[in-house]
Amino acid sequence: MTTAGSIDLLPASMLRVIGDLVAPSAGRVTVNDKPAERARRDRDYGIVFQAPVLFDWRTVEANVKLPLELMGYDAARRTARAKEMLDLVELGDFLNHHPYQLSGGMQQRVAIARALAFEPSILLMDEPFGALDEMTRERMNQEVLRIWERTGITVVFVTHSIPEAVFLSSRVVVMSARPGRITDIIEIDLLRPRDVETREQRRYFELVTAVREALRRGGDGALEAGEAGGAAGAGGAGTRSLDGAAAEGGIG
């Protein structure tokens, strides 16, 4: 599930509500059939922020091991899991490098490996590729899809790019400007696996246009072409739920 909205704090705020980093002002949020706080305590979430938030004095391997150390994994299990996750993001040859020796895209791949290390059922991604150049960003989009296909994890992805939202997502949930309300849900029926040719398909451009028009109908008249916000979770004063199993393992 994906939602798209105006270029402000709404999408990121929604992501933080889902992750129990911010309490909702009204209503309640359930994740995997439990309150968001319980889901956080059960470590149902892995989170990737806009910046990689890596520790420069720790090696790539040690950064990925950090949550496992805090959770009390023994040394052998930490080592095996860190290697598995770094192989998954194709950084297995960089275990002993430090973050400052890596490119921006590689640093974000380390952050993804760290977020997946303790096997969460949901990966929350808060505009992780916004600071990257366009070509690197497209490669990272492919990386996210590849990782999703390998793991089957549910991904909730915040972005300010309508094309990125369409390319990655199973569905886009459109949000209005303040006060944020869910105004539309658009199913993304592009065939999988998706690759560079997907971005040249007529259906891809039709869906990009559909999301943009839905945003405008929702009151985002100032939204510039090609830009959107994204998030997923509760909307309005009622109760919404994000169920990792019911979300079809999709990317949102």
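How each quantity is defined
- Residues numbered from 1 in each chain as written.
- Predicted model: local features only at pLDDT ≥ 70, side-chain atom pairs only at ≥ 80, totals over all residues.
- Heavy atoms only, no water.
- 1 Å grid on protein atoms, 1.4 Å probe; cavity = no way out; pocket = protein on both sides within 12 Å on 5 of 7 lines; lining within 4 Å.
- Points joined across faces, edges and corners; volume = space filled by probe spheres on them.
- Helix = DSSP H or I, 4+ residues; strand = E, 2+ residues; numbered from the N terminus.
- Nonpolar A, V, L, I, M, F, W, Y, C, P; charged D, E, K, R; others polar.
- Buried < 20%, exposed > 50% of the residue type's maximum accessible area, 1.4 Å probe, protein only.
- Polar contact = N/O pair within 3.5 Å; in protein donor to acceptor, adjacent residues only side chain to side chain.
- Pairing = 2+ DSSP bridges.
- Axes fitted to C-alpha atoms, helices over the stretch in contact; angles between N-to-C directions.

What follows is about empty space enclosed by the protein. For the coordinates displayed, the defined rule picks out 2 cavities of 30 Å³ or more. Looking at the largest cavity, its volume works out to about 50 Å³. In terms of lining, the largest cavity is formed by Leu15, Arg16, Leu21, Ile47, Phe49, Leu124 and Asp126. Elements supplying a minimum of two residues to the lining of the largest cavity: α1 (10-18) and β5 (122-126). Across the lining of the largest cavity, the residue classes break down as 5 nonpolar, no polar and 2 charged. Each pocket or cavity is described by its volume, and for the second largest cavity that value is around 40 Å³. Along its surface, the second largest cavity is lined by Ile112, Leu123, Met125, Val144, Ile147, Trp148, Ile153 and Val155.

Tracing the backbone through its elements, the reader meets Ser169 in the loop between α7 (162-168) and β7 (171-175). Looking at Ser169, the relative accessible area reads 1%, which means it is buried. A distance of 2.5 Å separates the side chain of Ser169 from the backbone oxygen of Ala165, its partner in a polar contact.

As a further point, take the sheet that holds β5. In any sheet, the strands associate via hydrogen bonds between backbone groups, in a parallel or an antiparallel arrangement. Strands sit in the order β4-β5-β6 across an open sheet of 3 strands; the sheet is parallel. The open sheet terminates on both sides in strands that have one partner only, identified here as β4 (45-48) and β6 (154-158). With direction set aside, neighbouring strand axes in the sheet form an average angle of 15°. Pairing of β4 with β5 involves 4 bridges; the strand directions are parallel. Within β5, the residue paired with Ile47 across the bridge is Leu124.

By themselves, these figures tell us nothing about what the structure is for.
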